[in-house]
Amino acid sequence: MQLALLARLLSVGRAVLAALRGRLSALCWSLAPLPLPLPLPLPGWRHSAPRPQPEQEWDEVSPTPTSVNYHFTRQCNYKCGFCFHTAKTSFVLPLEEAKRGLAMLKEAGMEKINFSGGEPFLQDRGEFVGKLVQFCKQELELPSVSIVSNGSLIRKQWFEKYGEYLDILAISCDSFDEDVNVLIGRRQGKKNHVENLHKLRQWCRDYAVAFKINSVINRFNVEEDMNEQIKTLNPVRWKVFQCLLIEGENSGEDALREAEKFVISDEDFDRFLDRHKDVSCLVPESNQKMRDSYLILDEYMRFLNCRNGRKEPSKSILDVGVESAIKFSGFDEKMFLRRGGKYVWSKADMKLDW
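Residues numbered from 1 in each chain as written. Predicted model: local features only at pLDDT ≥ 70, side-chain atom pairs only at ≥ 80, totals over all residues. Heavy atoms only, no water.

Draft legend 1. Geometry of the pattern of salt bridges. Enumeration over the complete set of coordinates arrives at 18 salt bridges. A salt bridge links Glu97 to Arg100, with the shortest nitrogen-to-oxygen separation between them at 2.9 Å. Within this pair, Glu97 and its partner Arg100 are both found in helix H2 (residues 95-107), separated by 3 residues, close to a single helical turn. Taking the shortest distance from any N to any O, the salt bridge between Glu127 and Lys161 comes out at 3.0 Å. Placement of Glu127 in helix H3 (residues 127-139) and of Lys161 in helix H4 (residues 156-162) is noted, with a sequence separation of 34 residues between them. One connected set of salt bridges, linked through shared partners, spans Arg219, Glu223, Asp268, Arg271 and Arg275. (Salt bridge = Lys/Arg side-chain N within 4 Å of Asp/Glu carboxyl O. Helix = DSSP H or I, 4+ residues; strand = E, 2+ residues; numbered from the N terminus.)

Listed below in C-alpha cells is the structure:
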C-alpha cells in the first residue's frame, strides 16, 4: 500500500516538474530577442533556393542606402563574356512588390536609384522599367533616377513617354570597333552598336536626359584609344571599370561565363587610364573600388555581399526590412564616398546644354 502511494506521488511530482519546465522554457523564449524579424511569404512569388547567410553582421550600425543599384532582371539579349550578373534565373518581381520595396528604400534614406540587369528594357518591352522610373521620380520624388542599358532595345517612343522622369541614361560601350564588340559579345544580329550609341545620344539631347557611357576595360580593348570618340559624344560621365571576376557568375565551376580570358592586370588598367587622362568626364573604377562600394539589390530585392569574391545574398528587404538586410550587404560607405559615388546626379542641378 505504501509502495503504491509512493509511486503515485513520484508520478505527480514528475508531472509538476514537466509543467514547470515547459512554462520556464516558454518564458525564456518570449524574453529572448530575435536576431531578425521572421520572414513572411509574399503572395504570388517564391524565393530562390535558400542560401547560407553570413554568420556575422559586417556593420554594427546599418549604413544608409543613399545610392542603390537594383538589378531587377538577369535576362539579357547580349552575351558579354565578362558579365558578372548572369542569367541564373528568369525571375522578376511583380510590379507592385517592386514599388513597395522601392518605397521602403526611400523611407530608409535612398536618394538615387539605378535600374540595371541583365538588360532592363527586355521586360515588357521597356514598360516595366518605365513605370518604375515614373514611380520613383513622380511619387517617391527621388533626386536621381538612372538606368544602365546596352541600348539595343530602347525606342524613341520610350523617351516620349518616360524621358521626363529619367535623370541619367548610361549606355554600355566597351569599344568603338565593331569587330571588338563582336569578340566581347556586345552585339545582337546585324545592329551596329556604335551607330546605335550615337542615335541614343541624340535622343538624350532631345528629351533632356543626361547621357553617360560605361566601359569595361578588358584584354580585347585595353590598347584602344577612345579619346576622340568620347569627346565627340560628350557624356556627363564616362565610367571606366576594370574587368572583375565574381565566383559563381563569371568564374568558377558553377558560373555561366568564363571571364578569365578577359582579365587585365592593374598595370594594364593604369596604362589605359593614363592614355585617357585628358578626358574630363573620365571616372575610373578599379576592382578594389568596385567590390565593396556598391549597394546591389538582386531580383528578389536581396543585398549582394561581394566581399568574399562571390555574391552572397542577404534576406529580402521585403521580408525583413531594409535596416536588417543591409547589415549583411558588405557595403563600405567610406569607399563609396571616396570613389565619388555621390555627385551631382539630378538633371535639374546639372545645368546642361541639352
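Draft legend 2. Structural context of the packing of H2 against H3. At a minimum axis distance of 11 Å, the contact between H2 and H3 shows a crossing angle of 35°. Judged by the sense of rotation from one axis to the other, the crossing of H2 with H3 is right-handed. Contacts from Leu95, Ala98, Lys99 and Leu102 in H2 reach Phe128, Lys131, Leu132, Phe135 and Cys136 in H3. Across the contact of H2 with H3, the residue classes tally to 7 nonpolar, no polar and 2 charged. (Axes fitted to C-alpha atoms, helices over the stretch in contact; angles between N-to-C directions. Left-handed = near helix turned anticlockwise from the far one by under 90°. Contact = heavy atoms within 4.5 Å. Nonpolar A, V, L, I, M, F, W, Y, C, P; charged D, E, K, R; others polar.)

Draft legend 3. Highlighting the environment of Val129. Here Val129 is to be found in helix H3. Counting along the chain gives 34 residues from Val129 to Leu95, while the straight-line C-alpha distance between them is 9.3 Å.

Draft legend 4. Quick peek at the packing of aromatic side chains. On inspection of all chains with the given rule, the structure shows 15 aromatic pairs. Ring geometry for Phe72 against Phe128: centres 5.1 Å apart, planes inclined by 40°, an arrangement best described as tilted. Highlighted residues: Phe72 in the loop between strand S1 (67-71) and H2 and Phe128 in helix H3, separated in sequence by 56 residues. Among the aromatic side chains, those forming a connected cluster through ring pairs are Phe121, Trp158, Phe159, Tyr162, Trp203 and Tyr207. It is Arg237 that lies over the ring of Tyr343; its NZ or CZ is 3.6 Å from the centre. In this structure, Arg339 is placed above the aromatic ring of Tyr294, and the distance from its NZ or CZ to the ring centre is 3.8 Å. (Phe/Tyr/Trp six-rings, centres within 6.5 Å; stacked < 30°, edge-to-face > 60°. Lys NZ or Arg CZ within 6 Å of the ring centre and 35° of its normal.)

Draft legend 5. Examining the confidence of the model for the protein more closely. Across the protein, the average pLDDT comes to 85, with 82% of residues at 70 or higher. In this model residues 3-7 is a low-confidence stretch, pLDDT under 50, and it forms 0 contacts with partners more than four residues away in sequence or in other chains. (pLDDT = per-residue confidence, 0-100.)

Draft legend 6. A look at unusual backbone geometry. Going from Gly117 to Gly118, the amide bond is cis rather than trans, its omega being 10°. Mapped onto the elements, Gly118 comes out in the loop between strand S2 (112-116) and H3. The phi angle at Ala208 is positive, at roughly 55°, despite the residue not being glycine. Examined against the element boundaries, Ala208 turns out to sit in the loop between helix H6 (193-206) and strand S5 (210-217). Classification of Ala208 as partly exposed rests on a relative accessible area of 24%. Not every positive phi belongs to a glycine, and Met301 is a case in point at roughly 60°. Relative to the helices and strands, Met301 resides in the loop between strand S8 (296-297) and strand S9 (302-305). By relative accessible area, Met301 is classed as buried at 0%. (Buried < 20%, exposed > 50% of the residue type's maximum accessible area, 1.4 Å probe, protein only.)

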